[in-house]
Amino acid sequence: MSAHDSPDIRRHMERLAADGIDVVRVTYPDLLGTERARDVLLEELPRAMDHGLAFCRAVYHTSPQGDVVPVGGGLDAGLPDITVRPDLDTLAALPWEPGVATCLADVVDPATGSPAPESPRDLLRGVLARCRELDLRPVVGPELEYFLCEPDPAGGWRRYGRETGVVYTAGLRADPDNHLLRTLRHVRDLNLGVLSGNHEFDGGQFEINLRHSQALSAADRAFRFKAAVKELARGEGRLATFMAKPFNDAGGSGFHLHLSCEDAEGRNAFDDPAGAYGLSAEARHAVAGILAHAPALAALANPTVNSYKRFGPDTLAPWLVDWGLDNRSAMVRIPPERGSGSRLELRLGDASANPYLLIAGTLAAALLGIEAGEEPPAPLEGYGYDTGKSAVLPMSLSAALDALEADTALTGLLGKAFTTSFLTYKRDEVERFGRHVTDWEFTEYAHHL
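Quick notes on the rules
- Residues numbered from 1 in each chain as written.
- Predicted model: local features only at pLDDT ≥ 70, side-chain atom pairs only at ≥ 80, totals over all residues.
- Heavy atoms only, no water.
- Helix = DSSP H or I, 4+ residues; strand = E, 2+ residues; numbered from the N terminus.
- Rg over C-alpha atoms; globule rule 2.2 N^0.38 Å.
- Buried < 20%, exposed > 50% of the residue type's maximum accessible area, 1.4 Å probe, protein only.
- Contact = heavy atoms within 4.5 Å.
- Areas by Shrake-Rupley, 256 points an atom, 1.4 Å probe, with all protein chains shown as cover.
- Lys, Arg positive; Asp, Glu negative; His and termini not counted.
- Charge placed at Lys NZ, Arg CZ, Asp CG, Glu CD.
- 1 Å grid on protein atoms, 1.4 Å probe; cavity = no way out; pocket = protein on both sides within 12 Å on 5 of 7 lines; lining within 4 Å.
- Points joined across faces, edges and corners; volume = space filled by probe spheres on them.
- Nonpolar A, V, L, I, M, F, W, Y, C, P; charged D, E, K, R; others polar.
- Domains from an automatic or database assignment.
- UniProt positions renumbered as here; feature names shortened; annotations may be inferred.
- Buried area = accessible area lost by both parts, 1.4 Å probe.
- Salt bridge = Lys/Arg side-chain N within 4 Å of Asp/Glu carboxyl O.

Can you help me understand the overall build of the chain in this one?
Of regular secondary structure, the chain possesses 12 helices and 18 strands. For the chain, the C-alpha radius of gyration of 22 Å lies close to 22 Å, the compact-globule estimate for 449 residues. Across its three principal directions, the C-alpha atoms of the chain cover 65 × 60 × 50 Å. Taken across its 449 residues, the chain has 55% of its residues classed as buried. Summarising the internal contacts of the chain: among those between residues at least 6 apart in sequence, 70% fall at separations of at least 24. Split by element, the accessible area of the chain, about 19400 Å² in all, is 51% carbon and sulfur. Of the side chains in the chain, 44 bear a positive and 64 a negative charge, and the two mean positions are spaced by 2 Å.

Set out below in structure tokens:
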């Protein structure tokens, strides 16, 4: 049966048409977590379902500046296609764009019929299949921060709402144009499971929290959330950036993950009142796995050259490999709730991380810990950031990529094809940055040497 004859597709089309929608925006994430998309006229939706939408596979290998990085399977193969098919289960009307609905897509290699090796959504699906072998269903709650910028009359961008001392506030004091309220309402209407939002630590910085859900849903919603926030800011004539550390005189933006697992009966598998710290063996082993694989995980959690400028003493960003009980200075924090609220919080990630890759890497590390059955060291006590107590994470993207390549257990779960593409793509970023003359260098040297 072709899609034209499918009752399910006809039902979707009739519902969309009744709602005044005549365009479907089909989207999927690239390696960076950036939204790639095509607008499809409603009457052409069955054709898109039947034949798919053709994109060049090298879109996965394209830098933010539009350069195609020589990753295997792209330039060397003559720039072949990938096939993108709408996932109609994810259809939703765009609240701020009348007549337009949006949906995610599944991406396959037409030569093999298998998922494209670089597809972040399918990478996560693969890790989740391993979780099911252990009768575990991961539950994830994402927390994301971002900076809102406005045009600077002198050129470039400056922070919006630059007032200081407005940490954890809401309202006009830190948000004179009510950006946060508009954004909250729009992303709520997009059914992204938004809970709340507030002004964050630095001027122009905001945090919006999403409810917890099954891991793939959480990654989908985090990806769509980031795309929505950036699009809404563009509509305001502003720039929303999830860059790790966009300003020298401000802190960075984090991407924290709250993680638990349900067992086959739907109970929280991380809870055990009789266990050490009120945690089950699975929870403690998961913590041990995340600690053991943290250097490699940093490459996915902190995936840009800029990411490592967020690290360092007094930054409140975790740059040591440690864990603690309700301790926000630790890389892995165990919140105080137990019972159905038992979980860990990974604070390593920055906001530039691709949600699918961050969640997949974290789950893979936790799985390896559960399979190894090892206990974590004693939890951190007091304020952290003491290199005498804990190992230091990689402090550059290059070092993190080397750690990822060396961690054959983690990359074995993530897959050779993905790992090779990711390492090649990201090492090109490191090389390009190494050749680039920065403003700092000119200021430091030009007038004196």
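There's plenty left to go through after this.
For this particular structure, what's the right way to read the layout of surface pockets?
Empty space among the atoms can be located by rolling a probe the size of a water molecule over them. Here the largest pocket defines a volume of roughly 1700 Å³. Lining the largest pocket are 47 residues, and of these Pro64, Thr241, Met243, Thr304 and Asn306 sit closest to its centre. Secondary-structure elements contributing two or more residues to the lining of the largest pocket are strand S2 (35-41), helix H5 (215-235), strand S12 (239-241), helix H11 (416-435) and helix H12 (439-445). With 6 residues, H5 is the single largest residue contributor to the lining of the largest pocket. Split by residue class, the lining of the largest pocket holds 21 nonpolar, 12 polar and 14 charged. Counting contributing residues, the lining of the largest pocket receives three or more from each of domain 1 (3-117) and domain 2 (126-414).

What's the story with the UniProt feature "domain: GS catalytic" (unreviewed entry) in the chain in this structure? I'm lost.
According to UniProt, the positions carrying the feature "domain: GS catalytic" (unreviewed entry) are residues 120-449. This span, residues 120-449, is 39% helix and 17% strand, and a straight line between its end C-alpha atoms measures 47 Å.

Is there a simple way to think about the domain arrangement of the chain in this case?
Often the size quoted for an interface is simply the accessible area lost on bringing the parts together. Split by domain assignment, the chain resolves into domain 1 (3-117) and domain 2 (126-414). Here domain 1 and domain 2 have C-alpha centroids that lie 27 Å from each other. Across the contact, 20 residues belong to domain 1 and 14 residues belong to domain 2. Together domain 1 and domain 2 conceal approximately 1300 Å² of surface at their shared face, both sides included; 66% is due to carbon and sulfur atoms. Sorting the residues of domain 1 by area buried against domain 2 places Pro95, Trp96 and Leu104 first, and these three jointly supply 44% of that buried surface. On the surface where domain 1 and domain 2 come into contact, there are 0 salt bridges.

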